[in-house]
Amino acid sequence: MAFTIIKSIVYCCFILLIDQKLVTFKSSSYITTFAQPTSKNNNSNNNCSNDMSDQQQNDIPLSFFAKLEARVAEINSHLCVGLDPHPSELCPPNKEWLSVTEGEKCQLAFEFCKNIIDATAPYAAAYKPNAAFFESLGPNLGLTTLAKVTSYIHPKSIPILLDVKRGDIGSTALAYAIAAYDHLGADGVTLSPLMGYDSLEPFITGSFSHGGAFILCKTSNPGSNDLLTLQLSSSTTTDTTLYEKIASLASVWSDRASSSSANGSKLGLVVGATDATALSKARAAAGPDIWILAPGVGAQGGDLDAAVVAGMNSLGTKMLIPVSRGISKALDKSKAAKDYRDNIEEAIRRKLVVTHKTEDDNSGILPYQQEFIEFSTNEGVLKFGSFTLKSGRTSPYFFNAGLFATGESLFKLGKAYASSIMASKELLKEDGSPKFDIVFGPAYKGISLGAVVCAALYSAFGVNVGFAYNRKEAKDHGEGGMLVGADMKGKDILI
């Protein structure tokens, strides 16, 4: 069974991992035919379809960073909403804060947080309650109120990053971890790394291997320069400052913790959005896969575009922008959260467009290609060795696209293809808009690929094109036919 596209110029786009270049094929013919495969044995991707992952088999909770990535992809947001019940925002009119009872303070704090959560839930990639403000409410009910707030968030499946900035070792660190995860309902925490890996380990291994931590790297307060910008004197390191060393260790320590767990990434970095240079250096030292929490946008005056350019990786992700007062003090908190979310995503789109326009196609492998290859290798999709293909030819590598089988992997796959398309001079007009009107995904694997690429073009670059696919066999009921989706007649199509 075959189908035909009439009066369409067809572009075929592939990412070739060996050449690390975008190759395009343009056909000026007006008829392109897709034939039904003749193989009777097409089970190459079914060998793991009935296998449960180790995480499912052991009933391990989804890790903090896995929850975060899923949430970011689900709502297309990198906004982290801070929950800081400061007395100045809680105190009733014409009343002294010291005269308010602990019970009243805690009720005011809970209602304050609840109102923010209700208003911002559609736009929040994560919530960040600051433990200090709850502790200061009183010795009897303060932390109980914090636990009440996290319990209110949990049914919404939004990750909770508890801002506690702990830093100790041994049984003390473990006690802090038990308090944060078991009693206060955190998914992840903020920590100080200056006592080394063993001060972080209890929060991200063992019973709390599902946890995650953002470690202080280069904070936004001026006093951070007293220590964190000190030059290292070791002749064996390429790091130039203490904060760059911390950034490089985050990846090392995360891998160390992950070696005993199937729960993936463990650590991220706290780097102030008020210092774009530090953000850029921290990103370079940590690599593209470490999450960065970048406070300072909003009330502290950090430049959003500069922070996004410096801190986001080349795929336009792996950085959270926390905002507290900019939302809590707004008359319309929902609108404020939406505006922050939209402004962040627009800044990401601007970064990606500028990046791809200025990169030289002949300069070698590009950052998004490097990330895609590394990700494919880590997922087991791309393997190197000696493989006999169906044609009988021996290949030095094998690419099993059927193993892109999770929301995270499909999200990254779509982002990589969208980045490749937007970096292609052949596929874009002079003004940067696409030369094609529709993304077409041939059945079967092409359907999901076309869908995630089409979505990624919109979410990452603001490019809104149509999507269509074919059926292997014509439908003899309902609307009938072999083509589904956007009308392709007279349109330019990317396959």
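Here we summarise the structure given alongside this text. (Residues numbered from 1 in each chain as written. Predicted model: local features only at pLDDT ≥ 70, side-chain atom pairs only at ≥ 80, totals over all residues. Heavy atoms only, no water.)

A word on the overall build of the protein
Inference 1: Helices and strands together make up the secondary structure of the protein, namely 16 helices and 18 strands.
Inference 2: The proportion of buried residues among the 495 residues of the protein is 48%.
Inference 3: The contacts of the protein with a sequence gap of at least 6 include a subset with a gap of at least 24, amounting to 69%.
Inference 4: As displayed, the protein offers around 23600 Å² of accessible surface, 53% of which is attributable to carbon and sulfur atoms. (Helix = DSSP H or I, 4+ residues; strand = E, 2+ residues; numbered from the N terminus. Buried < 20%, exposed > 50% of the residue type's maximum accessible area, 1.4 Å probe, protein only. Contact = heavy atoms within 4.5 Å. Areas by Shrake-Rupley, 256 points an atom, 1.4 Å probe, with all protein chains shown as cover.)

A short note on unusual backbone geometry
Inference 1: Non-glycine residue Asn-76 carries a positive phi angle of around 55°.
Inference 2: Within the fold, Asn-76 resides in the loop between α2 (64-75) and β5 (79-83).
Inference 3: Assessed through its relative accessible area of 25%, Asn-76 is described here as partly exposed.
Inference 4: The residue Lys-318 is not glycine, and still its phi comes out positive at about 70°.
Inference 5: On the secondary structure map, Lys-318 appears in the loop between α11 (304-311) and β12 (319-323).
Inference 6: Of the residues examined, Lys-318 reaches a relative accessible area of 6% and is grouped as buried.

Quick look at helix α4 (residues 102-120)
Inference 1: Relative to the 27 Å expected for 19 residues at 1.5 Å per residue, α4 spans 27 Å between its end C-alpha atoms, a close match to the ideal helical length.
Inference 2: Within α4, the full set of buried residues consists of Glu-102, Lys-105, Cys-106, Ala-109, Phe-110, Phe-112, Cys-113, Ile-116, Ile-117, Ala-119 and Thr-120. (Expected span 1.5 Å × (residues − 1).)

Here we look at the packing of α4 against helix α6 (residues 142-153)
Inference 1: In contact at an axis separation of 10 Å, α4 and α6 are set at 20° when each is read in the N-to-C sense. Taken together, the axes of α4 and α6 are roughly parallel relative to one another. The handedness of the crossing between α4 and α6 is right-handed. Mapping the contact onto sequence places Glu-102, Cys-106, Gln-107, Ala-109, Phe-110, Cys-113, Lys-114, Ile-117 and Asp-118 in α4 and Gly-142, Thr-145, Lys-148, Val-149, Tyr-152 and Ile-153 in α6.
Inference 2: Split into classes, the residues belonging to the contact of α4 with α6 amount to eight nonpolar, three polar and four charged. (Axes fitted to C-alpha atoms, helices over the stretch in contact; angles between N-to-C directions. Parallel < 35°, antiparallel > 145°, perpendicular 65-115°, else oblique. Left-handed = near helix turned anticlockwise from the far one by under 90°. Nonpolar A, V, L, I, M, F, W, Y, C, P; charged D, E, K, R; others polar.)

Some thoughts on the sheet that holds strand β9 (residues 212-218)
Inference 1: Taking strand neighbours across the sheet as the criterion, the eight strands line up as β6-β5-β12-β11-β10-β9-β8-β7 in an open arrangement whose pairing is parallel. Single-partner strands in this sheet number two, and they are β6 (126-129) and β7 (161-166).
Inference 2: The pairing of β9 with strand β10 (residues 267-271) spans five bridges and is parallel. Opposite Lys-218, over in β10, you have Val-271 as the bridge partner. (Pairing = 2+ DSSP bridges.)

Digging into the pairing of β12
Two faces, one strand: in a regular strand the side chains alternate between the faces of the sheet.
Inference 1: Of all five residues that make up β12, five are buried, and the element is covered over most of its length.
Inference 2: Here β12 shows no split at all, with Met-319, Ile-321 and Val-323 on one side and Leu-320 and Pro-322 on the other all buried.
Inference 3: Of the pairings in the sheet, the one linking β5 to β12 comprises three bridges and is parallel in character. Looking across to β12, one finds that Cys-80 is bridged to Pro-322.

Here's the deal with the pattern of salt bridges
Inference 1: A full pass over the atoms with the stated rule returns 14 salt bridges.
Inference 2: The partner of Asp-187 in a salt bridge is Lys-67, and the shortest N-O contact between them spans 3.2 Å. With Asp-187 in the loop between α7 (170-183) and β8 (188-191) and Lys-67 in helix α2, this pair connects stretches of sequence that are 120 residues apart.
Inference 3: For Asp-275, the salt bridge is made with Lys-218, and the minimal N-O distance between the two is 3.9 Å. Separated by 57 residues along the polypeptide, Asp-275 in the loop between β10 and α10 (276-286) and Lys-218 in strand β9 bring together distant segments of the chain.
Inference 4: In this structure Lys-218 comes out as buried when scored by relative accessible area, which is 4%.
Inference 5: Several salt bridges share partner residues, and in doing so they unite Lys-128, Asp-163 and Lys-165 into one network. (Salt bridge = Lys/Arg side-chain N within 4 Å of Asp/Glu carboxyl O.)

Some points on the side chain of Ser-248
Inference 1: By the element assignment, Ser-248 lies in helix α9 (residues 242-258).
Inference 2: For Ser-248, a relative accessible area of 18% puts it in the buried group.
Inference 3: Polar side-chain contacts of Ser-248 include one of 2.8 Å to the backbone oxygen of Lys-245. (Polar contact = N/O pair within 3.5 Å; in protein donor to acceptor, adjacent residues only side chain to side chain.)

Quick notes on the packing of aromatic side chains
Inference 1: In this structure the tally under the stated criterion is six aromatic pairs.
Inference 2: Taken together, a centroid distance of 6.4 Å and an interplanar angle of 45° make the contact between Tyr-197 and Trp-253 tilted. In this pair, Tyr-197 is assigned in helix α8 (residues 197-204) and Trp-253 in helix α9, connecting sequence segments 56 residues apart. Side by side, Tyr-197 and Trp-253 carry an identical accessibility label, which is buried.
Inference 3: Ring pairs connect the aromatic residues Phe-64, Phe-65 and Phe-214, which therefore count as one cluster. (Phe/Tyr/Trp six-rings, centres within 6.5 Å; stacked < 30°, edge-to-face > 60°.)

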